[in-house]
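Residue-level structural notes
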Amino acid sequence: MRVDLVTLVVEEYDPAIEFFVGVLGFELVEDSPSRTNDGRPKRWVVVRPPGAETGILLARADGERQAAAVGNQVAGRVGFFLRVDDFAAAYDRMVVAGVEFVTAPRSEPYGRVAVFLDIAGNRWDLLGPA
């Protein structure tokens, strides 16, 4: 048993793909035409970090309720955690790419951490070894 995908509601597919693939370095696993439950066209877009098993389904907001969730999927808390082997290199690369960090890097018992925002405004922890 494993978690295969988690959904991240975004405003539009292409800017989200660019952020996760072009900025964070994720792989684009799938980008296929699909349909909503009521038959309208959409896309099935999956990204994931290289070598990871669990992916993120980038789902374009459909309707007011979903649009209201963009950037607030976990009520303002850090809800996503990106672990890297080289914290300093990843942090520097992300800063150069324009990723918004809302905390400075700090050391915790579990390693180095800094909070950043994804393209939708959700909070993520960038985590690395101590």
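This section reports on the structure supplied with the text. (Residues numbered from 1 in each chain as written. Predicted model: local features only at pLDDT ≥ 70, side-chain atom pairs only at ≥ 80, totals over all residues. Heavy atoms only, no water.)

A word on the overall build of the protein
For the record, the criterion: Secondary structure elements follow DSSP: runs of H or I of four or more residues count as helices, runs of E of two or more count as strands, with numbering from the N terminus. In this setup the radius of gyration rests on C-alpha atoms only. A globule is expected at 2.2 Å times the number of residues raised to 0.38.
Regarding its fold elements, the protein presents three helices and eight strands. The N-to-C order of helical and strand elements in the protein reads β-α-β-β-β-α-β-α-β-β-β. Taken against the 2.2 N^0.38 rule, which gives 14 Å for 130 residues, the C-alpha radius of gyration of the protein at 15 Å falls within 12% of a compact globule. Along the first, second and third principal axes, the C-alpha set of the protein runs to 50 × 30 × 30 Å.

Looking at the nonpolar core
As a reminder of what qualifies: Buried residues of nine kinds, namely Ala, Val, Leu, Ile, Met, Phe, Trp, Tyr and Cys, make up a nonpolar core once their side-chain atoms join them within 4.5 Å. Exposed residues in this analysis have more than 50% of their type's maximum accessible area, buried residues have under 20%, and partly exposed residues fall in between, with area computed by a 1.4 Å probe over protein chains only. Only heavy atoms enter the contact rule, under which two residues are in contact if any of them lie within 4.5 Å.
Membership of the largest hydrophobic core comes to 27 residues, with the highest contact counts inside it found for Phe-20, Leu-58, Phe-116 and Leu-126. At six residues, helix 1 (residues 13-23) tops the list of elements feeding residues into this core. With sequence-adjacent residues up to four places away left out, Phe-20 is seen in contact with Leu-8, Gly-25, Phe-26, Val-47, Ile-56, Leu-58, Asp-118, Ile-119 and Trp-124.

Looking at helix 1
Three or more residues of helix 1 are buried, namely Tyr-13, Ala-16, Ile-17, Phe-19, Phe-20 and Val-23. Gly-25 sits one or two residues past helix 1 and shows a positive phi near 90 degrees.

Quick notes on the sheet that holds strand 2 (residues 27-35)
Stated formally: The criterion for strand pairing is that DSSP finds at least two bridges linking the strands in question. Under this scheme, a helix contributes an axis fitted over its contacting stretch, all axes are lines through C-alpha atoms, and angles between N-to-C directions fall in the 0 to 180 degree range.
Taken in spatial order, the four strands make up an open sheet running 1-4-3-2, and their pairing is mixed. A single partner strand is all that each edge strand has here, and the edge strands are strand 1 (5-10) and strand 2. Averaged over all pairs of adjacent strands, the angle between their axes in this sheet comes to 25 degrees, without regard to strand direction. Alignment of strand 3 (residues 41-48) against strand 4 (residues 55-60), held across three bridges, turns out to be antiparallel.

Brief notes about the packing of aromatic side chains
The criterion, for reference: Working definition: rings of Phe, Tyr and Trp (its six-membered ring) pair if their centres are within 6.5 Å, and the pair is stacked with planes under 30 degrees apart, edge-to-face with planes over 60 apart, and tilted otherwise.
All told, the structure shown has nine aromatic pairs when counted by the stated rule. Between Phe-26 and Trp-124, the ring centres sit 6.5 Å apart and the planes meet at 70 degrees, which makes this aromatic pair edge-to-face. One end of the pair, Phe-26, is in the loop between helix 1 and strand 2; the other, Trp-124, is in strand 8 (residues 123-128), and 98 residues separate them in sequence. Judged on exposure class, the residue Phe-26 and its partner Trp-124 are both buried. Ring-pair connections join several aromatic residues into one group, and the members of that group are Phe-19, Phe-20, Phe-26, Phe-80, Phe-87, Tyr-91, Phe-101, Phe-116 and Trp-124.

Observations concerning the sheet that holds strand 5 (residues 78-83)
On the basis of which strands lie adjacent, the open sheet formed by four strands has the order 5-8-7-6 and mixed pairing. The open sheet is flanked by strand 5 and strand 6 (106-108), the only strands paired with a single partner. Going across the sheet, the axis of each strand differs from the next one's by a mean of 35 degrees, ignoring polarity. As paired elements, strand 6 and strand 7 (residues 111-117) share three bridges and run antiparallel to each other. Counterpart to Ser-107 in the pairing with strand 7 is Arg-112. Against the sheet, helix 3 (residues 87-96) touches strand 7 and strand 8, its axis set at about 145 degrees to strand 8.

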